[in-house]
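# A closer look at the structure
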Amino acid sequence: PELIVSTYNETVTTLLEVEQPMIAQELDKINQELEVGLKLLDWNSYDKIDEFINSTMQSVTSLDSVLRTLKNNVKDIEDSLKKFRDDDKFLPLGAKEGKTLAPDEFLRRYGENHKGRNADLHTRGEEIHAKLQNSFEVLNETKGTHEFEALTQDSEAWVNYVIHVNSIVTEG
């Protein structure tokens, strides 16, 4: 029971406002399960207590796993953006030689750097898309397990979440 309480409390306290609509059905189910445990079960309900604990624990850990995936995916996106920002070594292009570059050499190095940065940015964009897709699939996988209404790519909750992640990328 303590693990259920601590996991549930951790989930609820770290839940972002933008995440809540995507998992509202799951959270409602957990709250209903907890309500049964708090109001209907007592020490005489020994035949139902194990079922309550197992069911509630499964629901809480399942939701916790989904939210951890969402948060880990966002953290991976933030880390990727930080690495991209930190890896920009364009200036000064001639620092190793300790001299100013000739204009044609500067343009050549600038072109190489620009081409490499664009390729890196494209790759990171694909990784960001894959992380979002993974979050979407994990959310819907859990919904399918519990027969909840699935999210769609154009559902308000998902669109708001994508806008949230987009704001992290643009501020990145």
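The present account deals with the structure reproduced in this document. Model, not experiment: these values are computed from the prediction.

### A few points about the overall build of the chain
In terms of helices and strands, the chain carries five helices and zero strands. Starting at the N terminus and walking to the C terminus, you meet the elements of the chain as α-α-α-α-α. In terms of overall dimensions, the chain is more spread out than a globule: its C-alpha atoms have a radius of gyration of 24 Å, far above the 16 Å expected for 172 residues. Counting all 172 residues of the chain, 33% fall into the buried class. Taking contacts inside the chain between residues at least 6 apart in sequence as the whole, the part at least 24 apart equals 69%. If you sum the accessible surface of the chain, you get close to 11,300 Å²; carbon and sulfur atoms cover 55% of it. The positive charge centre, built from 19 side chains, and the negative charge centre, built from 33, are 12 Å apart in the chain.

### Comments concerning helix α4 (residues 103-145)
Between its terminal C-alpha atoms α4 stretches 62 Å, which fits the 63 Å expected from 43 residues at 1.5 Å a residue. Among all positions in α4, only R109, R117, R124, I128, L132, S135, F136, V138, L139, N140, T142 and K143 are buried. For α4, the elements touching its buried residues are α2 (24-39), α3 (46-86) and α5 (156-171). One or two steps after α4, the chain reaches E147, where phi turns positive at roughly 60°.

### Side note on a nonpolar patch on the surface
On the surface, F106, L107 and Y110 cluster together into a nonpolar patch covering about 290 Å² of accessible area. Positionally, L107 belongs in helix α4. The exposure class of L107 is exposed, given its relative accessible area of 57%.

Analysis parameters
- Residues numbered from 1 in each chain as written.
- Predicted model: local features only at pLDDT ≥ 70, side-chain atom pairs only at ≥ 80, totals over all residues.
- Heavy atoms only, no water.
- Helix = DSSP H or I, 4+ residues; strand = E, 2+ residues; numbered from the N terminus.
- Rg over C-alpha atoms; globule rule 2.2 N^0.38 Å.
- Buried < 20%, exposed > 50% of the residue type's maximum accessible area, 1.4 Å probe, protein only.
- Contact = heavy atoms within 4.5 Å.
- Areas by Shrake-Rupley, 256 points an atom, 1.4 Å probe, with all protein chains shown as cover.
- Lys, Arg positive; Asp, Glu negative; His and termini not counted.
- Charge placed at Lys NZ, Arg CZ, Asp CG, Glu CD.
- Expected span 1.5 Å × (residues − 1).
- Patch = residues over 30% accessible without salt bridge, like charges linked within 9 Å, V, L, I, M, F, W, Y side chains within 5 Å.
- Salt bridge = Lys/Arg side-chain N within 4 Å of Asp/Glu carboxyl O.

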